[in-house]
Amino acid sequence: MAKQRSSHPSRGKAALLSLLATLLTLVISIQPSSATKICPSFRPITRRPFTTAAACIATTLPLRGGGAAATITTTTATNTNTPSTILKSFIQTVLNARTHLAAAAVARAVSIFGMYPVDTIKTRIQIGQGDAFRLGGLYSGVAGSLVGQVPYGVLTFGSYEIYKQSLLSRFPNTKPAFIYALAAILGDVTGSGWLCPSEVMKQQLQAGIYPSMGEALKGIWKKSGFGGFYQGFTGGLARDVPFRVAQLTTFEVTKSLYLRAKKSTSTADNADSVSLSALEAAICGAAAGSFSAAITNPLDKIKTLMMTDTTNAYGGSVVACATKIVRDEGVGGLFKGVVPRVGYIAPSVCIFFVTYELVQQKMKKTD
């Protein structure tokens, strides 16, 4: 008798939630202003420094290892309430940023590949494997991770811009920093609809559940169907949204303190014009990301366990998983893997910025 495919209700709900999140772009986008300057945030070192901290951090320092923003000017159609015009706006945004996105894609890939062993060690520690630092399998799942991460960067960037335009149009009197933060969170949620399947396969490969990406693909489908690829989706959102909020807030505080110190050492004539260079912004971003990674490590562990839980031992929900961790390991168990998680962020940001600059300069020479 053929085995029946098991279906866990929470996984089906997660898959549905993911699809709804991706469609949020179509729901929220209304009447963006024409000739809007999109993402006036990232400037390479040869240009002016960052002008808007929240916008910069929103797309330059994403959760999973690199990304950046560009200065683009677009003109949108008058009627943007239909899916077709929203899709055209998204495509135009991506096309206008193609040089930036190409450089960002290379930088993202290099930073992910370079720091991938640290991510694997973190996963092993969080799921309680004995020899977390063994050399074998440190790059298990890296190909799938890259396949998921690079398109995720494009989708997050494009949806972030559409959300930002729409929110600025709908709430013109709201502080731009708040709008940028909310748009970044919504962009993350939308991008997660694409990223989650590759994350599930990546983490199950890192955990040694499957020997190869092909086996993971077949095994997850056979066991849980489509919903299996969204196992732990809610755990991912429970980690990503607080991380983004903490990251944005910490970046603003770090930037403020740094600028205050910088102004105190500047002459009276140029004190008012003091600002962050791209390199200084990267350092502040790395510090903010490291701090945010530390305080959200419990949520990252929950997400990891939910994505690698093939027997439903952790209940299939964030609350059930957190409860079991505390019951079995104590509160300290929530912070397992915090050192490699924090150690992953800062080098990833630095690798990203350096690679991004080198690729951008190379592309300019070939133009």
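S.K.: I tried to follow the overall build of the protein chain on my own but got confused; where do I start?
M.R.: When you go through the protein chain residue by residue, the secondary structure sums to 12 helices and two strands. Listed N to C, the secondary structure of the protein chain is α-β-α-β-α-α-α-α-α-α-α-α-α-α in terms of helices and strands. Looking at the protein chain as a whole, 51% of its 367 residues qualify as buried. Carbon and sulfur atoms form 66% of the exposed surface of the protein chain, whose accessible area is close to 16,400 Å².

S.K.: Teacher, can you tell me more about the packing of helix 3 (residues 83-96) against helix 5 (residues 142-170) here?
M.R.: In a pair of packed helices, the angle between the axes and the distance between the axes together describe the arrangement. In contact at an axis separation of 9 Å, helix 3 and helix 5 are set at 120° when each is read in the N-to-C sense. Between helix 3 and helix 5, the crossing angle belongs to the class labelled oblique. With respect to the hand of their crossing, helix 3 and helix 5 are arranged in right-handed fashion. Residues I86, S89, F90, T93 and V94 of helix 3 pack against V154, L155, F157, G158, S159, E161, I162 and Q165 of helix 5.

S.K.: Explain helix 9 (residues 278-295) here, please?
M.R.: At 3.6 residues per turn, the α-helix brings residues three or four places apart onto the same side. Helix length check: helix 9, at 18 residues, gives a terminal C-alpha distance of 26 Å against a target of 26 Å (1.5 Å per residue), a fit within 8%. Listed as buried for helix 9 are A278, E280, A281, A282, C284, G285, A286, A288, G289, S290, S292 and A293.

S.K.: Even after reading the chapter, I still don't get unusual backbone geometry, so can you show me in this structure?
M.R.: Keep in mind that most residues, glycine aside, have a negative phi and that most peptide bonds are trans. Positive phi is not limited to glycine here, since N312 has a value of about 60°. Secondary-structure assignment places N312 in the loop between helix 10 (297-308) and helix 11 (318-329). For N312, a relative accessible area of 31% puts it in the partly exposed group.

S.K.: Would you take a moment to explain the confidence of the model for the protein chain for this structure?
M.R.: For any part of a model where pLDDT is low, the fine detail of the predicted coordinates should not be relied upon. Confidence in the prediction of the protein chain, expressed as mean pLDDT, is 80, and 76% of residues score 70 or more. The secondary-structure element of the protein chain with the lowest mean pLDDT is strand 1 (residues 36-38), recorded at 34, while helix 10 shows the highest, at 97. Here residues 65-79 is modelled with pLDDT under 50, and outside its nearest four sequence neighbours on either side it reaches 64 contacts, counting other chains as well.

S.K.: Explain the nonpolar core here, please?
M.R.: Nonpolar side chains in soluble globular proteins tend to be buried together. Residues Y344, I345, V349, F352, F353 and Y356 are the most contacted members of the largest nonpolar core, which totals 18 residues. Broken down by element, the residue count for this core peaks at seven residues, all from helix 12 (residues 338-366). Core analysis: the second largest hydrophobic core is formed by 13 residues, C196, L205, A216 and F233 among them.

S.K.: Explanation requested: the environment of L95 in the structure shown.
M.R.: Topologically, L95 is positioned in helix 3. Sequence spacing of L95 and G158 is 63 residues, and the spatial spacing of their C-alpha atoms is 9.8 Å.

S.K.: Quick question: what am I supposed to make of the packing of aromatic side chains here?
M.R.: A ring pair, where both rings are aromatic, is described by two values, the distance of the centres and the angle of the planes. In total, this model carries six aromatic pairs according to the counting rule given. Each ring, one from Y116 and one from Y139, has its centre 5.9 Å from the other, and the planes form 15°; the classification is stacked. Taken together, the residues Y116 in helix 4 (residues 98-126) and Y139 in the loop between helix 4 and helix 5 connect sequence positions 23 residues apart. Take Y116: its relative accessible area is 2%, and that puts it in the buried class. Accessibility expressed as a relative area gives 35% for Y139, which makes it partly exposed. Seen in terms of ring centroids, Y230 and F233 are 6.0 Å apart; in terms of plane orientation they differ by 70°. Their pairing is edge-to-face. Assigned by exposure class, Y230 and F233 land together as buried. Of the aromatic side chains, those joined through ring pairs into one cluster are F113, Y116 and Y139. Positioned above the aromatic ring of Y314 is the side chain of K324, whose terminal nitrogen or guanidinium carbon lies 5.6 Å from the ring centre.

S.K.: Sorry, what's going on with the environment of D240 here?
M.R.: With respect to the helices and strands, the residue D240 is situated in helix 8 (residues 233-264). Given the relative accessible area of 3%, D240 is considered buried. Remark: the alpha-carbon pair of D240 and V189, spanning 51 residues in sequence, is separated by 8.3 Å.

S.K.: Teacher, can you tell me more about the pattern of salt bridges here?
M.R.: Note on pairing: side chains with opposite charge can pair once their charged atoms come close. Evaluation of the coordinates by the stated rule reveals 16 salt bridges. We note a salt bridge from D188 to R244, for which the minimum N-O separation is 2.7 Å. Of this pair, D188 sits in helix 6 (residues 176-206) while R244 sits in helix 8, placing them 56 residues apart in sequence. Of the two residues, D188 and R244, both sit in the buried class. Several salt bridges share partner residues, and in doing so they unite D119, K122, E199, K202, R239, D240, D300, K303 and R341 into one network.

S.K.: Explain the packing of helix 6 against helix 10 to me, please; I cannot follow it from the model alone.
M.R.: In the contact formed by helix 6 and helix 10, the axes pass within 9 Å of each other and the chain directions differ by 80°. Judged on the interaxial angle alone, helix 10 and helix 6 are roughly perpendicular. Residues C196, E199, V200, Q203 and Q204 of helix 6 form the contact with helix 10, whose participating residues are K303, T304, M307 and T308. For the contact of helix 6 with helix 10, the residue count by class is three nonpolar, four polar and two charged.

S.K.: How should the side chain of T355 be read in this particular structure?
M.R.: Along the chain, the position of T355 falls in helix 12. With residues near it in sequence (within four places) discarded, T355 still touches V106, A107 and V110.

About the cut-offs
Residues numbered from 1 in each chain as written. Predicted model: local features only at pLDDT ≥ 70, side-chain atom pairs only at ≥ 80, totals over all residues. Heavy atoms only, no water. Helix = DSSP H or I, 4+ residues; strand = E, 2+ residues; numbered from the N terminus. Buried < 20%, exposed > 50% of the residue type's maximum accessible area, 1.4 Å probe, protein only. Areas by Shrake-Rupley, 256 points an atom, 1.4 Å probe, with all protein chains shown as cover. Axes fitted to C-alpha atoms, helices over the stretch in contact; angles between N-to-C directions. Parallel < 35°, antiparallel > 145°, perpendicular 65-115°, else oblique. Left-handed = near helix turned anticlockwise from the far one by under 90°. Contact = heavy atoms within 4.5 Å. Expected span 1.5 Å × (residues − 1). pLDDT = per-residue confidence, 0-100. Core = buried A, V, L, I, M, F, W, Y, C linked by side-chain atoms within 4.5 Å. Phe/Tyr/Trp six-rings, centres within 6.5 Å; stacked < 30°, edge-to-face > 60°. Lys NZ or Arg CZ within 6 Å of the ring centre and 35° of its normal. Salt bridge = Lys/Arg side-chain N within 4 Å of Asp/Glu carboxyl O. Nonpolar A, V, L, I, M, F, W, Y, C, P; charged D, E, K, R; others polar.

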